[in-house]
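# Overview (structure and organization)
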Amino acid sequence: MIRVLLADDHPVVRAGLRALLGAEPDLVVQLEAGTAEDAVQMAASGRVDVVLMDLQFGGAAAGTGVPGAEAMQGAEATRRVRAAAGAPRVLILTNYDTDADILGAIEAGASGYLLKDAPPAELIAAVRAAAAGQSALAPAIVTRLADRSRIPEGRLSPREVEVLGLVAAGRSNRQIGQDLFLSEATVKSHLVHIFGKLGVSSRTSAVASARASGTIRGS
């Protein structure tokens, strides 16, 4: 059973997600958080496998009660959740689709990024993928990054070629980080750039595309 924490400041959104995920036999909404601060605390409880995290939380910072005090947002909450030992995976579900938002969330340690208008089946598949330790980028996000990167300068950098070569060799994100002396979050960020430049949405497709173009050696 995949245990999910819903982190969103809109109760109606949480109710809709609870109904959607609760209809699946292998998913259960274990906890709900209305603030990013609460999400970080609940994620550390050891009771969840995946956090479904919004990027933008309104209101004053939790615990201050001071109008205008800045609340923690989803990217920082993601970073704090993922910094803990044995942390659950974090899947971003938001209305925001700027390049800075996407890359910032992935660099913070998010396993995937979806928009709130994603089809239900896509969201459910992404939760399962995140729980399995896989990347889960919505096709719309991949397309956006591809459109941004499909320019001559959009070819893979030497570092990106290194990362993709290790992916092709069957190395995990953690192993690639160890091989290249990078954090796992940085490896994920490189993969997001690679996916966007190649116009793909998975590691397997990225390797196949790069091999077909001669960017990395074939098997």
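Above this note sits the structure.
I will try to describe carefully the structure that is included in this document. (Residues numbered from 1 in each chain as written. Predicted model: local features only at pLDDT ≥ 70, side-chain atom pairs only at ≥ 80, totals over all residues. Heavy atoms only, no water.)

### Here we look at the environment of Leu93
Relative to the elements of secondary structure, Leu93 occurs in strand 4 (residues 89-94). In this structure, the C-alpha to C-alpha distance between Leu93 and Lys116, residues 23 residues apart in sequence, is 5.8 Å. Other than its neighbours up to four places away in sequence, Leu93 contacts Leu17, Leu52, Met53, Asp54, Leu55, Leu114, Leu115, Lys116 and Leu123. (Helix = DSSP H or I, 4+ residues; strand = E, 2+ residues; numbered from the N terminus. Contact = heavy atoms within 4.5 Å.)

### A word on the environment of Ala131
Of note, Ala131 is situated in helix 5 (residues 120-131). Once residues within four sequence positions are removed from consideration, Ala131 is found in contact with Ile2 and Val50.

### What to know about the pairing of strand 2 (residues 27-33)
Of the pairings in the sheet, the one linking strand 1 (residues 2-7) to strand 2 comprises six bridges and is parallel in character. Each residue of the ladder has a partner; that of Leu6, found in strand 2, is Glu32. As a crossover connection, the stretch from strand 1 through helix 1 (residues 11-22) into strand 2 is right-handed. (Pairing = 2+ DSSP bridges. Right-handed = clockwise from strand over helix to strand, strands pointing away.)

### Details of the nonpolar core
A general tendency of soluble globular proteins is for nonpolar side chains to be buried together. If you look at the biggest cluster of nonpolar residues, it comprises 65 residues, and the most contacted ones within it are Leu21, Leu52, Met53, Leu91, Tyr113, Val127 and Leu164. Top contributing element to this core by residue count: helix 5, with six residues. Contacts of Leu21, omitting those with residues within four sequence positions, involve Val4, Leu6, Leu27, Val29, Leu52, Ile124 and Val127. (Core = buried A, V, L, I, M, F, W, Y, C linked by side-chain atoms within 4.5 Å. Buried < 20%, exposed > 50% of the residue type's maximum accessible area, 1.4 Å probe, protein only.)

### Digging into the packing of helix 8 (residues 173-180) against helix 9 (residues 184-198)
It is the contact of helix 8 with helix 9, at a shortest axis distance of 8 Å, that shows an interaxial angle of 105°. As far as their axial angle goes, helix 9 and helix 8 are roughly perpendicular. Side by side, helix 8 and helix 9 meet where Asn173, Arg174, Ile176 and Gly177 of the first sit next to Glu184, Val187, Lys188 and Leu191 of the second. By residue class, the composition of the contact of helix 8 with helix 9 is three nonpolar, two polar and three charged. (Axes fitted to C-alpha atoms, helices over the stretch in contact; angles between N-to-C directions. Parallel < 35°, antiparallel > 145°, perpendicular 65-115°, else oblique. Nonpolar A, V, L, I, M, F, W, Y, C, P; charged D, E, K, R; others polar.)

### Structural notes on the sheet that holds strand 3 (residues 50-53)
Taken in spatial order, the six strands line up as 2-1-3-4-5-6 in an open sheet, and their pairing is parallel. A strand with exactly one partner marks an edge of an open sheet, and here the two such strands are strand 2 and strand 6 (136-137). Here four bridges tie strand 3 to strand 4, and the two strands are oriented parallel to one another. Bridging across to strand 4, Val51 finds its partner in Val90. Along the sheet, helix 3 (residues 74-83) makes contact with strand 3 and strand 4, crossing strand 4 at roughly 170°.

### Concerning the pairing of strand 1
For strand 1, a buried count of five out of six residues is recorded, marking the element as mostly surrounded by other parts of the structure. Where strand 1 meets strand 3, four bridges bridge the pair, whose relative direction is parallel. In the sheet register, Ala7 faces strand 3, and the bridge partner there is Met53.

### Overview of the packing of helix 1 against helix 5
The contact between helix 1 and helix 5 brings their axes to 11 Å, and the two run at 75°. Considered as vectors, helix 1 and helix 5 are oriented roughly perpendicular to each other. Contacts between helix 1 and helix 5 involve Leu17, Leu20 and Leu21 on the former and, on the latter, Pro120, Leu123, Ile124 and Val127. Here the residues of the contact of helix 1 with helix 5 are counted per class, giving seven nonpolar, no polar and no charged.

Just geometry here; none of it tells us what the structure is for.
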